[in-house]
Amino acid sequence: MNGAGGIDCDVHPALPGLSALLPFLDDYWREQVTVRGIGGLDLLCFPHRLPAFGRPDWREGDAKPGASLERMRRDLLDGFGLQLAICNPLYGVEALHNPHFAAALARAMNDWIAAQWLDRETRLRAAITIASQDTEYAVEEIERRAGDRRFVQVLLLAMNAAPLGQRRYWPIYAAAERHGLAVAIHAGGTARHAVTSNGWPSTLIEEYASNAQAVQAHLLSFVHEGVFVKFPRLRLVCAETGFTWLPNFLWRANKTWRGVRAEVPWVDRPPAEIIRAHVRFTLQPADPPPEAADFADALAQLGSDELLLFSTDYPHWQFDGADPFPEGFPANLRGRVAVDNPRATYARLMEEVA
Amino acid sequence: MARHVVAATHEIPPGGRKLVTLRGRSIGIFNLDGSYYALLNRCPHQGGELCRGTVTGLATSTEPGRVEYSRHGEMLKCPWHGWEYDIRTGQSWCDPNDTRVRAYEVTVEPGATLARGPFVAETFPVSVEQDYVVVEL
């Protein structure tokens, strides 16, 4: 099985430019964008010409990889024979310092993805873009879009303003839980802080690899702030941040909890158990062991077959050829990862969408 | 199995403890509100001297930020890594099914009965006027 019939839980339609959002902005913001000459607000962490962010055979000249629905149909949906794919549009909404502008852009992004992608391709689902700078705006946008059942999760960036389990974000999780939406933390940054806890690295490669550490900090935050105690039906998806680091992270989380758990008495079971119950991880980029034969052992150390969600990370260049599963990925787990786990994570995927 | 006289009751007041060595084993004797408990002075985690650890209550919670603090003085934290044990049973709070400190039977007996023996720690001077803490090991 190479993903045919599967549900791709992390694909990236690209906004061709800010001008594409103009029809979806109100008069005031449309004029502001035009008068101020705001051209593009792409995230600096995903420069589209960098080879890693566009697989060569999925590129079309100098266009932003992922900007064309036709190409997405051909390369991804038809190419891999997918049943569904979840769009996580990556754009600079959360990086803005003006929360009012960010909220206007989030609204425009969601209306754009609904009109330009979801309305035109029934195999697509999407994440709700929010301006997490301001929790009230974020909740307002979730409420505005939650009635459209093609939106299946709420999107947050991994390198954000604060540990995302903190109480200031809880209204977002309450809204997500109330509407049966998952919450995704996706690789990427808002430049609120240095991207490593040691300060700014010199290179993009260091920043990209540091997304794993960023998401680890959020997982500790979600567990120890008690997010899953408060919102027991909430599902969290870590997207594009890897998963083979998970076993030793969980071992350490459990060990530390045993010694200092009196600080967080609402954490009434080992953190690994909580994470296995509530958190899911997308497949690509996978970081398999050097020997393909060792992959099954590495996966067994996750302690559950339910944690991984199939993803291609289209159009990012994470693998070549026609099989998104890395070599050595056990055949007996592929169906579960491609279909069963996504369905169990996203309640809305089981619905017929009119 | 033998019985060991380890202390006169007044030596270990409520909330107090005494470390003794019985048949080569270091053992902590605790007094919780007049009842006595004995635990092996060795944390099953990595062998720390558990019975020298801090005695605490038990913090539990079902709502983040709101803590119910109960069982004052009934939990023991290992001085090495902070693992918590129930002094009454030796049971680990974090891992109740698989981690347990060896606990020993403790009784309080009047000197008048003890004076008749036989006991292992006979060197402990027993007078018939007092009560004594006796550990079975």
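Figured I'd write up the structure that's included with this text. (Residues numbered from 1 in each chain as written. Chains lettered and ligands numbered in written order. Predicted model: local features only at pLDDT ≥ 70, side-chain atom pairs only at ≥ 80, totals over all residues.)

Turning to the overall build of chain B, a few remarks are in order. If you tally the helices and strands in chain B, you get one helix and ten strands. With respect to the principal axes defined by its C-alpha atoms, chain B has extents near 55 × 30 × 20 Å. Taken over 137 residues, chain B has a buried fraction of 27%. Partitioning the contacts of chain B with sequence separation of at least 6, the portion at a separation of at least 24 is 48%. (Helix = DSSP H or I, 4+ residues; strand = E, 2+ residues; numbered from the N terminus. Buried ≥ 20, exposed ≤ 12 C-beta atoms within 10 Å, placed from the backbone. Contact = placed C-beta atoms within 7 Å.)

As a further point, take the pairing of strand β6 (residues 236-239) of chain A. Residue and element names in this part refer to chain A. Along β6, one buried face is formed by Leu236 and Cys238 and the opposite face, lined by Val237 and Ala239, is buried too. As defined by bridge partners, strand β5 (residues 182-189) adjoins β6 across four bridges and the pair is classed as parallel. Along β6, the bridge assignment pairs His186 with Ala239. Taken together, the three bridges between β6 and strand β7 (residues 279-282) define a ladder with parallel strand orientation. (Pairing = 2+ DSSP bridges.)

Let us now look at the sheet that holds strand β2 (residues 17-22) of chain B. All names here are of chain B. Taken in spatial order, the four strands make up an open sheet running β2-β3-β4-β8, and their pairing is antiparallel. The outermost strands of the open sheet, each flanked by one partner alone, are β2 and β8 (103-104). Relative to strand β4 (residues 35-40), strand β3 (residues 25-32) runs antiparallel, the two being bridged by six bridges. What sits directly across from Ile27, in β4, is Leu40.

With eleven residues of chain B at the contact, the number on the chain A side is eleven residues. Broken down by element, the side of chain B that touches chain A gets its largest block of residues, five residues, from strand β5 (residues 54-63) of chain B. Split into classes, the residues belonging to the side of chain B that touches chain A amount to five nonpolar, five polar and one charged. (Nonpolar A, V, L, I, M, F, W, Y, C, P; charged D, E, K, R; others polar.)

Our next topic: the nonpolar core. Ranked by internal contacts, the top residues of the largest apolar core, which has 100 residues, are Ala85, Met109, Ala127, Val154, Ala176, Ala184 and Ile185 of chain A. If one sorts the elements of this core by residue count, helix α3 (residues 99-118) of chain A sits on top with ten residues. Ignoring anything within four residues of it in the chain, the contact list for Ala127 of chain A reads Ile86, Cys87, Asn88, Phe151, Gln153, Val154, Leu155 and Ala184 of chain A. Formed by 26 residues, the second largest nonpolar core is a distinct cluster that contains Ile29, Cys43, Val126 and Val133 of chain B. (Core = buried A, V, L, I, M, F, W, Y, C linked by C-beta atoms within 7 Å.)

Turning our eyes to something else, we now look at the sheet that holds strand β3 (residues 124-129) of chain A. Residue and element names in this part refer to chain A. Spatial ordering of the open sheet is given by β1-β2-β3-β4-β5-β6-β7-β8, a layout of eight strands whose pairing is parallel. Whereas interior strands pair on both sides, the edge strands pair on one side only; in this sheet they are β1 (7-11) and β8 (308-309). Note that strand β4 (residues 151-159) and β5 share six bridges and pair parallel. Counterpart to Gln153 in the pairing with β5 is Ala182. Contacts from helix α7 (residues 211-225) reach β4, β5, β6 and β7 within the one sheet, and its direction differs from that of β4 by about 110°. (Axes fitted to C-alpha atoms, helices over the stretch in contact; angles between N-to-C directions.)

Here the focus is the packing of helix α4 (residues 135-145) of chain A against helix α5 (residues 170-178) of chain A. All names here are of chain A. The interhelical angle for the contact between α4 and α5, taken along N-to-C directions, is 10°, at an axis separation of 9 Å. Our classification of the angle between α4 and α5 gives roughly parallel. For the pair α4 and α5, the contacting residues are Thr135, Ala138, Val139, Ile142 and Glu143 in the first and Pro171, Ile172, Ala175 and Ala176 in the second. In terms of residue class, the contact of α4 with α5 is built from seven nonpolar, one polar and one charged. (Parallel < 35°, antiparallel > 145°, perpendicular 65-115°, else oblique.)

A word on helix α2 (residues 69-78) of chain A. Residues and elements named next belong to chain A. Those residues of α2 that fall on the buried side of the exposure criterion are Met72, Asp75, Leu76 and Leu77. Viewed along the axis of α2, the buried residues span an arc of 155°, placing them on a single side of the element. The exposed residues of α2 that point more than 90 degrees off its buried face are Glu70, Arg74 and Asp78. Along its buried surface, α2 packs onto β1 and β2 (84-87). (Arc of directions from axis to C-beta.)

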